[in-house]
Amino acid sequence: MKRKQNIESRISVFNLVGLAILAFCYIGALYNVYRIKGSGVVGGKKIIRLAHWQLELGIRDAISELARDFEAQNPGVEIVQIPITERAYAQWVTTQLIGRTAPDLIELGMFNIVDYCGRYFMPLGEVLRKPNPYNADNPELKNVPWMDTFSDGLSGTYIPELLDYYGVGFSRFTIRLFYNKDLVAKAAGSDRPPRTLDELFAVCQKVREYSDARNAEIRKFNEEQAGKDGAMSKYLPFLRSPRKSPFVLDPIASSRYQVSLFRPRYSSMLTAGRVLELDRNFDGITSFDELVLALLEGDVKYQDEHNVASLELMKEFSKYFNPGFMSIDRMDAGFAFVQGKAAMITSGSWDASSFIKKINDQPAGDAVLEVDGAAASTSRDVAEAFAKAAEGGRKVELLIERDGARHRVKISPRKAATLWESAGIELADISDGGGAARPVVVDVDELSPAHAAGVRKRMRFDVGIFDFPLPKGHPVFGKYFVGNVKEMSGTGFSFGVVKFSDNPGLALKFLQFATTVRNNERLNERAQWIPSVKGAKPIKMLEPFEPNEEGCWGWLNFVQSGGRTAMVEGQLYWPFISGETSTEEYLRKLDEQLPEATATDYDNYVTNYIEKTPDKNYLRSIWLAKFAFARDDAARREASLKLPAAWENYLLFKNAYPKHLVNMGPLIEARPDTAFSRDFFKTYDAFATKRKE
Amino acid sequence: MAAIASSMLLLCFVSASAADSFEDMAARAWSEYSFKEIDKAQRLFSEAGKMARTKREKCESLAGLAFCLQFGKRNNVSRDDYRRAVSIYDEALSLLDKTDDLRPFFLSMKAEALMHLSKLSPQESESQELLGKAAGLWRILDDEYGADVFRQDSLLTRAAHASDDFKDENSLKAHAALKDYVAGLDKKDGAKNDRLLASVMCSQVAEHSFLNGDFDATVEYLKAYCEFGPTSFPMKADAYFRIARIAELKTNDRKTAVEFYRRFYSECNANEKSFFAKTRAEELSGEKIGSGGGR
């Protein structure tokens, strides 16, 4: 009994200790949150925290450098950078914003911008309409509103629903094709970038042929090796003669992400003209409702020849993609290119520095310094020495340099016409870092004497960047070509100031500091991105990313983003693009499935406008009240700007139903006699009946 | 222990955030209102009402309470909500005399609430009676507050809610009233507040005209919209482009088309359509255009 009491007493003490630890931690955590939240001052310094998801190379260093300069000018201020991985970013930001522990500056994106900006971020319109104080010593910009110092006037950060600007962007981005110059030169005979679509496909074809030839050699070799195998090797694999691995080289590294870059670009080049033809309200855009009307009236079909051409073009592209491109992600496609397993890849300027750094971090290849004690200055010297040694039936001793260290290797060459056949290596005269060119091993046969001797090939390569080649003059697609695509030079890498920041003034000051011509140029020079401020120049490497100023916009897209049409079309598009279904089959299935989905989306489209109208009126009420009860001139001025904008936004939604009546009313009455119309109205009527009930 | 500590901290937060003046309380109430925290806003507006010292403060708290009912529930505003809002507006109006600058605001809001109430009314006679009351208030606004911002607001409200059928007589009348209002304004000078909602009126008339197939009027009012001052840069770009396209393709007004393609190219240079605008202007005018200087 006493023993039992002792045990109970010990448990009780342990419980109390546990509870005390828990309580201590809890209070500590609360205090910590309170301390951070309370003042934004830690250790006597005002802390400005800045969160973003840009883990690409150089970005963090670029921001750190800028932050140190800002801190030097603002003693007692510290900028703390919080890089968050892309996958967790939205969740992390949401948690921080709801918990009111969010950083002062947050990169805008990955989350619902409209909802979050309205709730948690400061509108910046007023301050953006005044000059940036850091431009005071710039005669050209000192009197220019801050927003007008950006290449796009920050129009991309204006949120119509919220009637204000919410972000300040540091960089601009465009999309290009990257290519492995060494591989393309080897396969196509020249490292000049293709300028037309014809040339691009020709290069792809040559890369494919080069790869096929290498694999044919490997297969032949492996078959010869198989012929040498004895009967027992069937049961005992280690007795088998060695085989070579397949040679992996695809013309274009791709994934769904890359397709999502290729498709709108090339579709726009071929179908932008149709977009203008179908635009009814003359704003230059075919909105979803305009597209539905065109489909119902038979002004456009899925079989539209421009659409079919753009589908065929993408299918032509996909022939040169890596197998299974739909099931790999963007990163894997990037790795394939960086590792030399693909000759080309498409991506944005945001990936340029990462690609180049990763490529340059790979082995430079063994440089041959001496052959049998004699200095080797060219590949030809080495090849001749090998030929002589093979003739004499003796070994060759090489002095090679690898990562700064020197090694000696001995290779027994075979008698053969080329160095590749004789020793299993390929050399090229390469100058790394501007020095004199020297023979470097650029390829090694995996079952060669050189490989056995430990010779290692060069993995890094020269990268070229070029704009999407145009289908102008192409025998098939040329006649549909409308023009190149005009690239919106909109700013990205935009930061918003959090409403409950303890130091919003300082946070804003940092944004102003970061967007002077000089600082924006320096930031982007380090980040290797394109500056967003007018007059700030990109680095030489990024010149190919300069936006196209001339061209068309928009493409014939039959789906409503996020809707049922997008889901249905997505299900059909991937088997089509991967070659599982033909163009005819894909179009036939669109005819079968898309009218119903289009009716669903159209109904949602109109309903969505109707349902959101009171919300827009609510926004109007806010500014109406602010106008009526403004306490000072500044508040009245702001309300004077926002009230008309709120009204306009409200009317945009309020007019949606009258617009529907005007446009769709006659068609609901007339019921055009087309297959699309019949299938469309079957679903549309069902919705209408359901609503009446 | 933990509970005590957290309670103490909570108390600190609460006491630190307590408002001690009408201004603070009203500011917090409007802030919650703008965050769509209607229950909190309602509570704070009631508190503010108790702290109000002046007629204006009392009216502000009453407006807040009425707005929570009339706009706060967005898609779920009931007849009772509108009725309560109307009686709150009445209370505010009873505090104000004819010269008070808040009177047109409350008249306009009350009329709007009555109009919505009439739409929810199950009986035609009651509906007409409520609409008649609203019309009576609008008449006061029209007669006594010609250029007041809240009269402008009410003109837009009447046009937006006249009818979903833009060809309907009520809709045509309400939009004609917008045209009348705009016609009497000086586009460049004149009192700023007189023109506060003029650009919106013009864009609404333009949309109404476009949907009724009147392309000349569409261009005319989009031009007027640009003169009164578009509400944002994207809206300006949109208006320029539409004027140019409609003038080129519908009204065959080459001069206007060239002018607005040119303006689009020079003022909206970063826009995706700017090169197209330049090309069209050059083709229509037969003249080469230099590089665009704007955004």
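Reading the values: rules and limits
- Residues numbered from 1 in each chain as written.
- Chains lettered and ligands numbered in written order.
- Predicted model: local features only at pLDDT ≥ 70, side-chain atom pairs only at ≥ 80, totals over all residues.
- Heavy atoms only, no water.
- Helix = DSSP H or I, 4+ residues; strand = E, 2+ residues; numbered from the N terminus.
- Buried < 20%, exposed > 50% of the residue type's maximum accessible area, 1.4 Å probe, protein only.
- Contact = heavy atoms within 4.5 Å.
- Areas by Shrake-Rupley, 256 points an atom, 1.4 Å probe, with all protein chains shown as cover.
- Lys, Arg positive; Asp, Glu negative; His and termini not counted.
- Charge placed at Lys NZ, Arg CZ, Asp CG, Glu CD.
- Salt bridge = Lys/Arg side-chain N within 4 Å of Asp/Glu carboxyl O.
- Axes fitted to C-alpha atoms, helices over the stretch in contact; angles between N-to-C directions.
- Parallel < 35°, antiparallel > 145°, perpendicular 65-115°, else oblique.
- Nonpolar A, V, L, I, M, F, W, Y, C, P; charged D, E, K, R; others polar.
- Phe/Tyr/Trp six-rings, centres within 6.5 Å; stacked < 30°, edge-to-face > 60°.
- Lys NZ or Arg CZ within 6 Å of the ring centre and 35° of its normal.
- Domains from an automatic or database assignment.
- pLDDT = per-residue confidence, 0-100.
- Core = buried A, V, L, I, M, F, W, Y, C linked by side-chain atoms within 4.5 Å.

1. A look at the overall build of chain A
In terms of regular secondary structure, chain A is built from 22 helices and 19 strands. Counting the 693 residues in chain A, one finds 50% classified as buried. Sequence separation of 24 or more characterises 72% of the internal contacts of chain A that already satisfy a separation of 6 or more. A total of about 31700 Å² of accessible surface is found on chain A, and carbon and sulfur atoms cover 54% of it. Distance from the positive charge centre (90 side chains) to the negative charge centre (90 side chains) of chain A: 6 Å.

2. Some thoughts on the pattern of salt bridges
Overall, the coordinates contain 74 salt bridges over all chains when judged by the stated rule. Of the charged contacts, one joins A:Arg406 and A:Glu401 as a salt bridge, the two residues approaching to 3.9 Å between their closest N and O atoms. When its relative accessible area of 57% is taken as the criterion, A:Arg406 is described as exposed. For A:Glu401, a relative accessible area of 18% translates into the label buried. The residue B:Lys50 makes a salt bridge to B:Glu47 at a minimum N-O spacing of 3.5 Å. Here the residue B:Lys50 and the residue B:Glu47 both occupy positions in helix α3 (residues 38-51), the gap between them amounting to 3 residues, near one helical turn. The partly exposed category is assigned to B:Glu47, whose relative accessible area is 31%. Each of A:Asp61, A:Glu65, A:Asp69, A:Arg522 and A:Arg526 takes part in salt bridges that share partners, so that together they form one network.

3. Some words on the packing of helix α9 (residues 288-296) of chain A against helix α22 (residues 675-692) of chain A
When two helices pack together, their arrangement is given by the angle between the helix axes and the distance between those axes. Residue and element names in this part refer to chain A. Between α9 and α22, whose axes approach to 8 Å, the crossing angle comes to 125°. One way to sum up the angle between α9 and α22 is to call them oblique. In this structure, α9 uses Val-292, Leu-295 and Leu-296 to contact α22, whose residues at the interface are Phe-676, Ser-677, Phe-680 and Phe-681. Among the residues forming the contact of α9 with α22, the class breakdown is 6 nonpolar, 1 polar and no charged.

4. Digging into the packing of aromatic side chains
Enumeration over the complete set of coordinates arrives at 71 aromatic pairs over all chains. Ring geometry for B:Phe210 against B:Phe215: centres 5.5 Å apart, planes inclined by 70°, an arrangement best described as edge-to-face. Like B:Phe215, B:Phe210 is buried. The residue whose ring lies beneath A:Lys626 is A:Trp623, and the NZ or CZ to ring-centre distance is 4.5 Å. A cation over an aromatic ring shows up here: B:Lys273 above the ring of B:Phe241, its NZ or CZ 5.0 Å from the ring centre.

5. Topic: the domain arrangement of chain A
Residue and element names in this part refer to chain A. We note that the domain assignment places domain 1 (19-174 + 489-544), domain 2 (178-230 + 241-358 + 465-480), domain 3 (367-458) and domain 4 (564-692) within chain A. Using only C-alpha atoms to locate each centre, domain 1 and domain 2 end up separated by 36 Å. Each side of the interface is counted separately: domain 1 has 14 residues, and domain 2 has 12 residues. Classifying every residue of the side of domain 1 that touches domain 2 by side-chain character gives 8 nonpolar, 2 polar and 4 charged.

6. Side note on the confidence of the model for chain B
Taken as a whole, chain B shows an average pLDDT of 91; of its residues, 91% reach a score of 70 or greater. Under a pLDDT of 50 for its full length, residues 8-17 of chain B has, in the predicted model, 4 contacts with residues more than four places off or in other chains.

7. Considerations on the side chain of A:Asn215
Residue and element names in this part refer to chain A. Mapped onto the fold, Asn-215 is located in helix α7 (residues 197-228). Overall, Asn-215 belongs to the buried group, its relative accessible area being 15%. Every residue in contact with Asn-215, bar those within four places of it in the chain, is listed here: Pro-246 and Phe-247.

8. A short note on the nonpolar core
Grouped together as the largest cluster of nonpolar side chains are 156 residues, with contacts concentrated most on A:Leu105, A:Leu511, B:Tyr33, B:Phe67, B:Phe105 and B:Phe106. When near neighbours in sequence (up to four residues on either side) are disregarded, A:Leu511 contacts A:Leu105, A:Trp146, A:Val168, A:Phe170, A:Phe495 and A:Val497. The next biggest cluster of nonpolar side chains, apart from the first, holds 71 residues, and it includes A:Leu183, A:Leu249, A:Leu295 and A:Val606.

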